[in-house]
Amino acid sequence: MTILHELFPRLRDSLPRIQLGTAPTPLRPLPGLTDGPAEVWLKDEGAFGDGGWGGNKVRKLEWLIPEAKRRGKSKILTVGGIGTNWGLACTLYGRDHGIETILALVDQPVDDHVREQMERLKESGAEIHFTHTKARTVAEVIWLMARHRPYFLPAGGSNAVGAVAYVEVALELAEQVRASEIEEPSHVVCAVGSGGTAAGLMLGLELAGLSTKVLAVVVNDSLRLDRKALTGLARKCADLLRERGAELPVLNLGDNLIVVEDQLGTGYGHPTEAAKQAHDLAAEKAGLDLDPVYTAKAMAGLLAFDGETPTTGPVVFIDTNGPRQLQ
Ligand SMILES: *Cc1c(COP(=O)(O)O)cnc(C)c1O
């Protein structure tokens, strides 16, 4: 049972969810990680996912796979970079539930991490179209839509239904606060690759009545991911919940959002010195294995923030990276 369905029973049928991992994901303090005053905690979303691949994309698929079925679709078409965590999770979990995945992939900087990911993608059974550029992807998607009539999902699975996953995670965190596992967090910190995670958290924290703010560290420059875009996605998610029968209170979306745009470096997937340092520090002090594209940049954002902004409680780092489950 999801917390969202308990709060809004009318969503049980209109917005179904399948279980793909074990919740709640664990929380633990990371003492000694920073020199700053913040008490940093980890919420380990990488631990989520029972199908050989984990992380935040699996959370989204819990809602997106049933939505595809609700629409009578047996194929999902989606887009991403050639190292896409999203495309791989979609293919593996979709396959387990009778859904084929078609991917149109654009180029991104290639390192060992991306090379390994491409191998996994090739073995996953996805139908892959290497479209290289954004313009060619758009053309290919139009053609593939006509040919296969799939359920189209944007990059990262970040449509309104995908964002619902992180509404649920925020409600889960609120229950962990209520159960005294952690004090009310001052901030949660996450990477922003396509926005669904940050937008869902914003909406969910507000619904839960927490005054926790979202420190959203932008790591992707190929999509519009500014305050307006993230707030817009949170609003679309709220509208979806209302359309499907939830009676939501009046919302002040965006009030709890802080967008950090200075950790991107020269672009999506391009390494930065700050992220390298954050990766090494997190490995040494907390035994974490952050990835260079998302979570190391988010951690760099947290480190820069700590000491610069006063906090009122713990700062929760959302580790969205799942691939370590394969190691
Ligand atoms: C996709 C991804 C993110 C970003 O989440 P969005 O909801 O797309 O913004 C963060 N971390 C990892 C490891 C990811 O794969």
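Residues numbered from 1 in each chain as written. Predicted model: local features only at pLDDT ≥ 70, side-chain atom pairs only at ≥ 80, totals over all residues. Heavy atoms only, no water.

Visitor: With reference to specific residues and values, describe the overall build of the chain.
Guide: Counting its regular elements, the chain contains eleven helices and ten strands. A compact globule built from 327 residues should have a C-alpha radius of gyration of about 20 Å, and the chain, at 19 Å, falls within 12% of that. Its C-alpha atoms put the chain at 55 × 45 × 35 Å along the principal axes. Burial status across the chain gives 58% buried among its 327 residues. Taking all contacts inside the chain whose residues are at least 6 apart in sequence as the whole, residues at least 24 apart take part in 80%. Counting only carbon and sulfur atoms, one obtains 50% of the accessible surface of the chain, whose full area is about 13,600 Å². Averaging the coordinates of the 34 positive side-chain charges in the chain and doing the same for the 42 negative ones gives two points 8 Å apart. (Helix = DSSP H or I, 4+ residues; strand = E, 2+ residues; numbered from the N terminus. Rg over C-alpha atoms; globule rule 2.2 N^0.38 Å. Buried < 20%, exposed > 50% of the residue type's maximum accessible area, 1.4 Å probe, protein only. Contact = heavy atoms within 4.5 Å. Areas by Shrake-Rupley, 256 points an atom, 1.4 Å probe, with all protein chains shown as cover. Lys, Arg positive; Asp, Glu negative; His and termini not counted. Charge placed at Lys NZ, Arg CZ, Asp CG, Glu CD.)

Visitor: Explain the domain arrangement of the chain to me, using residue names and the numbers behind them.
Guide: Looking at the assigned domains, one finds that the chain contains domain 1 (3-54 + 159-319) and domain 2 (56-157). Averaged C-alpha coordinates put domain 1 and domain 2 at centres separated by 23 Å. The partner domain 2 presents 32 residues to the 42 residues of domain 1 that form the contact. In total, domain 1 and domain 2 occlude about 3,000 Å² of area from one another, counting both sides; carbon and sulfur atoms represent 61% of this. Summed over the three residues of domain 1 that lose the most area to domain 2, namely Leu 20, Trp 53 and Asn 159, the buried surface amounts to 24% of that side. Residues Arg 59 and Glu 45 are paired through a salt bridge, measuring 2.8 Å at the closest nitrogen-oxygen approach. Scanning the region where domain 1 abuts domain 2 turns up 15 residue pairs in polar contact (both at pLDDT 80 or more). Broken down by secondary-structure element, the contributors of at least two residues to the side of domain 1 that touches domain 2 are α1 (3-7), α7 (160-178) and α8 (196-207). The dominant element in the side of domain 1 that touches domain 2, judged by the number of residues it contributes, is α7, at eight residues. (Domains from an automatic or database assignment. Buried area = accessible area lost by both parts, 1.4 Å probe. Salt bridge = Lys/Arg side-chain N within 4 Å of Asp/Glu carboxyl O. Polar contact = N/O pair within 3.5 Å; in protein donor to acceptor, adjacent residues only side chain to side chain.)

Visitor: Tell me about the sheet that holds strand β9 (residues 257-260), and name the residues and values.
Guide: The mixed open sheet is built from six strands, whose spatial order is β1-β2-β10-β7-β8-β9. Both outer strands of the open sheet, β1 (27-29) and β9, are each paired with one neighbouring strand and no more. Each adjacent strand pair in this sheet contributes to an overall mean axis angle of 25 degrees, direction not counted. Where strand β7 (residues 187-192) meets strand β10 (residues 315-319), three bridges bridge the pair, whose relative direction is parallel. Of the residues in β10, the one forming a bridge with Val 189 is Phe 317. Across the sheet, α8 lies against β7, β8 (213-218), β9 and β10, angled at about 155 degrees from β7, the strand it touches most. Lying over the sheet, helix α11 (residues 295-305) contacts β2 (40-44), β7, β8 and β10, oriented at roughly 170 degrees with respect to β10. (Pairing = 2+ DSSP bridges. Axes fitted to C-alpha atoms, helices over the stretch in contact; angles between N-to-C directions.)

Visitor: I'd love a proper account of the site of the ligand, names of residues and values included.
Guide: Near the ligand there are 15 residues, and of these Lys 57, Lys 60, Ser 194, Thr 197 and Thr 320 occur at the shortest range. Thr 197 is positioned such that a nitrogen or oxygen atom in its side chain is 2.7 Å from an oxygen atom of the ligand. One of the side-chain N or O atoms of Thr 320 is found 2.6 Å from a nitrogen atom in the ligand. Alone, the ligand offers 380 Å² of accessible surface; in the complex the protein occludes 98% of this. Looking at the shell around the ligand, the elements that each hand over two or more residues are α3 (56-70), β7 and α8. Ranked by residues supplied to the shell around the ligand, first place goes to α3 with three residues. Two domains each donate at least three residues to the shell around the ligand, and these are domain 1 (3-54 + 159-319) and domain 2 (56-157). (Near = heavy atom within 4 Å.)

Visitor: How would you sum up the pattern of salt bridges? Please name residues and give values.
Guide: All told, the structure shown has twelve salt bridges when counted by the stated rule. Two residues, Arg 17 and Glu 62, come together in a salt bridge whose shortest N-O distance is 3.5 Å. Taken together, the residues Arg 17 in the loop between α2 (11-14) and β1 and Glu 62 in helix α3 connect sequence positions 45 residues apart. Look at the salt bridges and you will find they share partners, linking Lys 43, Glu 45, Arg 59 and Glu 172 into a network.

Visitor: Can you explain helix α4 (residues 85-96)? Please cite residues and give values.
Guide: Relative to the 16 Å expected for twelve residues at 1.5 Å per residue, α4 spans 17 Å between its end C-alpha atoms, a close match to the ideal helical length. Of all twelve residues that make up α4, ten are buried, and the element is covered over most of its length. Within α4, the full set of buried residues consists of Asn 85, Trp 86, Gly 87, Leu 88, Ala 89, Cys 90, Thr 91, Leu 92, Tyr 93 and Gly 94. Along its buried surface, α4 packs onto α3, β3 (75-81), β4 (100-106), α5 (112-123) and β6 (151-153). (Expected span 1.5 Å × (residues − 1).)

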